[in-house]
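Examination of the molecular architecture
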Amino acid sequence: ERGTFALSPAARAAQLQRVSDAASLEKLVKAQWIASIQELFQPWTPEVEMELWGCLRAYLTRLLRRHGAQTALIASGQLLDDAELDKSAGELLADSIREECNTVDPHLARTAVQKFLREQTKERAQYIAQLLDGTFSFYTLFTDEATQDYLKHAIPKITVFLDTNFLFGVLN
């Protein structure tokens, strides 16, 4: 149909495989994290698991959204009407716990989320990298042209140093 874009069958299959791989990675990361925190929560129930995973996802969403919005704010110079921009990471976590954890003790939920971020695995690093990539892609696609031009010319090239343990974890 005229004016419609579609992937070729091979490209569509490749994208569907990437989506499937990402979903499998998320399931693995969740299972690893749950196994590492399960002993903190007695009794362990499906409801506890659902609340904790929901809390972690809500927190990561808020955190990545804030950083993306702050980047857009710096680049465009326009004030964004977003109450979460000025909140600390701790406040974003508290909001996520309050929103998602109805039966889970808030202090234990905070400990579980902190454990997710502090105790990296190769799969967890890959999962977070994919979330960061998705956030970057979103803000790249939905940032106006003037902001994109400004970013291309105003932001100097940077050198990123990565810890060798992180690199070995990613590269296996």
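Please refer to the structure placed before this passage.
Here goes a summary of the coordinates provided. (Residues numbered from 1 in each chain as written. Predicted model: local features only at pLDDT ≥ 70, side-chain atom pairs only at ≥ 80, totals over all residues. Heavy atoms only, no water.)

Attention shifts here to the overall build of the protein. Tallying secondary structure elements over the protein gives seven helices and zero strands in all. Going from N to C terminus, the protein has its helices and strands arranged as α-α-α-α-α-α-α. Out of the 172 residues in the protein, the part that is buried amounts to 27%. When contacts within the protein are restricted to residue pairs at least 6 apart in sequence, long-range pairs at least 24 apart make up 66% of them. As displayed, the protein has an accessible area near 12100 Å², and 58% of this comes from carbon and sulfur atoms. (Helix = DSSP H or I, 4+ residues; strand = E, 2+ residues; numbered from the N terminus. Buried < 20%, exposed > 50% of the residue type's maximum accessible area, 1.4 Å probe, protein only. Contact = heavy atoms within 4.5 Å. Areas by Shrake-Rupley, 256 points an atom, 1.4 Å probe, with all protein chains shown as cover.)

Here the focus is the packing of aromatic side chains. All told, the structure shown has four aromatic pairs when counted by the stated rule. Judged by centre distance (6.0 Å) and plane angle (65 degrees), the ring pair of F41 and W44 falls under edge-to-face. There is no split in this pair, since F41 and W44 are both buried. (Phe/Tyr/Trp six-rings, centres within 6.5 Å; stacked < 30°, edge-to-face > 60°.)

For the rest of this paragraph, the subject is a nonpolar patch on the surface. On the surface, F138, L141 and F142 cluster together to form a nonpolar patch covering roughly 380 Å² of accessible area. Looking at the secondary structure, you find F138 in helix 5 (residues 122-141). For F138, a relative accessible area of 42% puts it in the partly exposed group. (Patch = residues over 30% accessible without salt bridge, like charges linked within 9 Å, V, L, I, M, F, W, Y side chains within 5 Å. Salt bridge = Lys/Arg side-chain N within 4 Å of Asp/Glu carboxyl O.)

Our next topic: the packing of helix 3 (residues 89-100) against helix 4 (residues 106-118). Interaxial distance between helix 3 and helix 4 falls to 10 Å at its minimum, and their mutual angle equals 125 degrees. Judged on the interaxial angle alone, helix 4 and helix 3 are oblique. When the axes of helix 3 and helix 4 are compared, the crossing they make is right-handed. On helix 4, the residues that touch G90, L93, A94 and I97 of helix 3 are P106, A109, R110 and V113. Classifying every residue of the contact of helix 3 with helix 4 gives six nonpolar, one polar and one charged. (Axes fitted to C-alpha atoms, helices over the stretch in contact; angles between N-to-C directions. Parallel < 35°, antiparallel > 145°, perpendicular 65-115°, else oblique. Left-handed = near helix turned anticlockwise from the far one by under 90°. Nonpolar A, V, L, I, M, F, W, Y, C, P; charged D, E, K, R; others polar.)

Okay, the pattern of salt bridges next. Throughout the structure, instances matching the rule amount to six salt bridges. When the shortest N-O distance is used, the salt bridge between E26 and R57 registers 3.7 Å. In this pair, E26 sits in helix 1 (residues 9-37) while R57 sits in helix 2 (residues 46-76), placing the two residues 31 residues apart along the sequence. Linking E49 and K30 is a salt bridge whose minimum nitrogen-to-oxygen distance equals 3.6 Å. Here E49, found in helix 2, pairs with K30, found in helix 1; they are 19 residues apart in sequence, far enough to count as distant. For K30, a relative accessible area of 24% puts it in the partly exposed group.

Because each turn of an α-helix spans 3.6 residues, side chains separated by three or four positions end up pointing in the same direction. Its twelve residues give helix 3 an end-to-end C-alpha distance of 16 Å, which sits within 8% of 16 Å, the value for a rise of 1.5 Å per residue. Those residues of helix 3 not exposed but buried are L92, L93, D95, S96 and I97. (Expected span 1.5 Å × (residues − 1).)

The end-to-end C-alpha separation of helix 4 is 18 Å, in line with the 18 Å expected for 13 residues at 1.5 Å each. Those residues of helix 4 lying buried are A109, A112, V113 and F116. Angularly, the buried residues of helix 4 cover 95 degrees about the axis, an arc narrow enough to put them on a single face. In helix 4, those exposed residues whose orientation departs by more than 90 degrees from the buried face are H107 and R118. Of the residues that open helix 4, the one with a side-chain oxygen 3.0 Å from the backbone nitrogen of H107 is D105. (Arc of directions from axis to C-beta. Polar contact = N/O pair within 3.5 Å; in protein donor to acceptor, adjacent residues only side chain to side chain.)

The next subject is the state of the cysteines. Per the counting criterion, the structure on display carries zero disulfides. In this model C55 remains outside any disulfide bridge; the closest cysteine sulfur is found in C101, 4.1 Å from its own. You can call C55 buried: its relative accessible area is 0%. Overall, C101 belongs to the buried group, its relative accessible area being 10%. (Disulfide = S-S within 2.5 Å.)

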